[in-house]
Amino acid sequence: MTIKKICCIGAGYVGGPTMAVIAYKNPDIEVNIVDINADRIAAWNDEDLSNLPIYEPGLAEIVEKTRGKNLFFSTDINKAIDESEMIFISVNTPTKTYGKGKGMAADLKYVELCARNIAEVATTDKIVVEKSTLPVRTAQAIKSILHNTGNSVNFDVLSNPEFLAEGTAIQDLLSPDRVLIGGESEDAIESLAKVYGSWVDDDKILRTNVWSSELSKLTANAFLAQRISSINAISELCEKTEANVNEVARAIGMDSRIGSKFLNASIGFGGSCFQKDILNLVYIARSYNLHEVADYWEQVIVLNDHQKRRFSDHLIKTLYNTVSGKKIAMLGWAFKKDTNDTRESAAIYVADHLLSEQANVAVYDPKVEDFKVLNDLNYLNSRPEQENRELVSVHDNPYEALKDAHAVAIMTEWDEFKTYDWRSIYDNMKKPAFVFDGRNILDKSKMEEIGFEYYSIGQ
Ligand code: UDX
Ligand code: ADP
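Residues numbered from 1 in each chain as written. Chains lettered and ligands numbered in written order. Predicted model: local features only at pLDDT ≥ 70, side-chain atom pairs only at ≥ 80, totals over all residues. Heavy atoms only, no water.

Re the side chain of Lys 308
So, step 1. Note that Lys 308 resides in helix α12 (residues 291-318).
So, step 2. Judged by relative accessible area, which is 5%, Lys 308 ranks as buried.
So, step 3. Every residue in contact with Lys 308, bar those within four places of it in the chain, is listed here: Ile 267, Gln 275, Ala 346, Tyr 349 and Val 350. (Helix = DSSP H or I, 4+ residues; strand = E, 2+ residues; numbered from the N terminus. Buried < 20%, exposed > 50% of the residue type's maximum accessible area, 1.4 Å probe, protein only. Contact = heavy atoms within 4.5 Å.)

What follows is the structure, given as structure tokens:
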């Protein structure tokens, strides 16, 4: 079938950029992105493109070229469902915070609501594509809901996991390493392959069964996260042995079997996917009584939590075992550079630990909105919200955040941090002036030459 109309439920970090690129590359297909969040849809429709709800390099330019032509944002979910031949489900699937599987399993309530919504509204056959990251066998559950509650129309369910990374989403979508489509119906698979085929070579479009597709997504993220935990584990050993983790990463990365990417030691990985997907994998393995498999993958998370904790412990210990009443400037709040997404950002956990020691935390991030910083901390529920408000300040100007600080903690690898006038920052800080570089982005010898006490990861 040649698809003429697509609907995407969920206008978030996955749905927004993915549909923008599909619309851009398929001018003959009308793409409608719908969401229950009216504010988010209004932001996507804002004439001023700097107000789009998601910051992603290259996204605004593509939205500008497609919006109002063949890309539309709306809250009219039912209309978009009914008019489309293909429906993508791109809603959030956070880790459950209640009940069975709490803290481990993915909460599928939003996905299920979408499936019920589609079943209720659809009056013609639909291809339903799961785009959100989901546990293995979710397609089966969606199918069951659609077939048991629908209006006797035919639904084909496909799994088409997203591999884009935030900050490079547009590039990743325009030149994907591969596109994965899992399904049973060959016709449905080929309909979706044709949508991607307008810009992706056919040999990069993999067709698999639905379960392999679902499991591949979890496995890809688990392997990527595992590399970071592996190099972070070595970083701690480097700090004890005077080896340098950057040198070790370079040396091992030149082995073509290992490869050089994803070997940057850091304060620990964040983002909406890695932790959630590994917890999912662990949960699934345990549910099949595969305890060795579950324990193996769980260690990736254990090490990541340890990395965040030892960073803040080290900071406190270095500041003479107390940060109470001291101003600690945090540069960066996003979980990585070039995004305004803060989900599971290491900065949140480091700040929370410092606040428990009664530090005054001054935050600057080039793209994260002020309210998000406090929301992220309040969400942890570690102390009354009033206390967070008193201890935390969020700044629009980095030099203000850094003025009179006892220490700087670099949380995100934003390029602009490298270009700051570190000499004048030094002059305006309390002495001794400490820098804790959680991303290894500054030059140790230059920083020490200025007079800083400089600490980084694994050096
Ligand atoms: C990840 C996957 O890369 C992507 O394929 C999937 O679709 C979604 O999950 P994302 O979470 O957006 O993407 O970003 P990614 O670049 O993978 O970074 C995740 C975290 O790991 C960030 O906090 C980043 O700073 C950290 N990281 C990454 C490191 O600490 N060291 C590295 O070498 C690489
Ligand atoms: P992701 O990173 O997976 O894209 P986001 O949280 O950025 O996650 O986006 C998911 C979007 O899905 C949110 O904007 C949310 O409002 C939307 N959403 C969740 N449930 C529904 C639903 N039942 N119908 C429509 N939109 C939904």
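Resuming the write-up.
Re the sheet that holds strand β12 (residues 407-410)
So, step 1. Reading across from one edge, β11-β10-β9-β12-β13-β14 is the order of the 6 strands in this open sheet, with parallel pairing throughout. Two strands bound the open sheet, and with one partner strand each, they are β11 (392-395) and β14 (453-456). Put simply, the sheet's adjacent strands are angled 20° from each other on average, direction ignored.
So, step 2. Direction of pairing for strand β9 (residues 327-331) relative to strand β10 (residues 360-364): parallel, over a ladder of 5 bridges. Across the sheet, the residue bridging to Ala 329 is Ala 362, located in β10.
So, step 3. Along the sheet face, helix α13 (residues 346-356) touches β9, β10 and β11 and points at about 175° away from the line of β9.
So, step 4. Along the sheet, helix α14 (residues 370-380) contacts β10 and β11; its crossing angle with β11, the most-contacted strand, is approximately 155°. (Pairing = 2+ DSSP bridges. Axes fitted to C-alpha atoms, helices over the stretch in contact; angles between N-to-C directions.)

Regarding helix α1 (residues 15-25)
So, step 1. With respect to burial, α1 is a largely interior element, 9 of its 11 residues being buried.
So, step 2. Here α1 has its buried residues at Gly 15, Gly 16, Pro 17, Thr 18, Met 19, Ala 20, Val 21, Ile 22 and Ala 23.

Regarding the nonpolar core
Nonpolar side chains in soluble globular proteins generally cluster together in the buried interior.
So, step 1. Counting residues in each nonpolar core, the largest one holds 61 residues, and the members touching the most others are Met 330, Leu 331, Trp 333, Ile 410, Trp 422 and Phe 452.
So, step 2. Per-element tally for this core: the top contributor is α13, with 7 residues. (Core = buried A, V, L, I, M, F, W, Y, C linked by side-chain atoms within 4.5 Å.)

Focus on the site of ligand 1
So, step 1. Neighbouring ligand 1 are 20 residues, the closest being Glu 166, Ser 266, Phe 335, Lys 336 and Arg 439.
So, step 2. In this structure, Glu 162 approaches ligand 1 through a main-chain N or O atom, which is 3.1 Å from an oxygen atom.
So, step 3. One of the backbone nitrogen or oxygen atoms of Leu 263 is found 3.3 Å away from an oxygen atom of ligand 1.
So, step 4. For ligand 1, the accessible surface in isolation is 660 Å², of which the surrounding protein chains cover 91%.
So, step 5. Of all the elements, helix α9 (residues 210-241) adds the most residues to the shell around ligand 1, at 4 residues.
So, step 6. Looking at the shell around ligand 1, its residues break down into 11 nonpolar, 4 polar and 5 charged. (Near = heavy atom within 4 Å. Polar contact = N/O pair within 3.5 Å; in protein donor to acceptor, adjacent residues only side chain to side chain. Areas by Shrake-Rupley, 256 points an atom, 1.4 Å probe, with all protein chains shown as cover. Nonpolar A, V, L, I, M, F, W, Y, C, P; charged D, E, K, R; others polar.)

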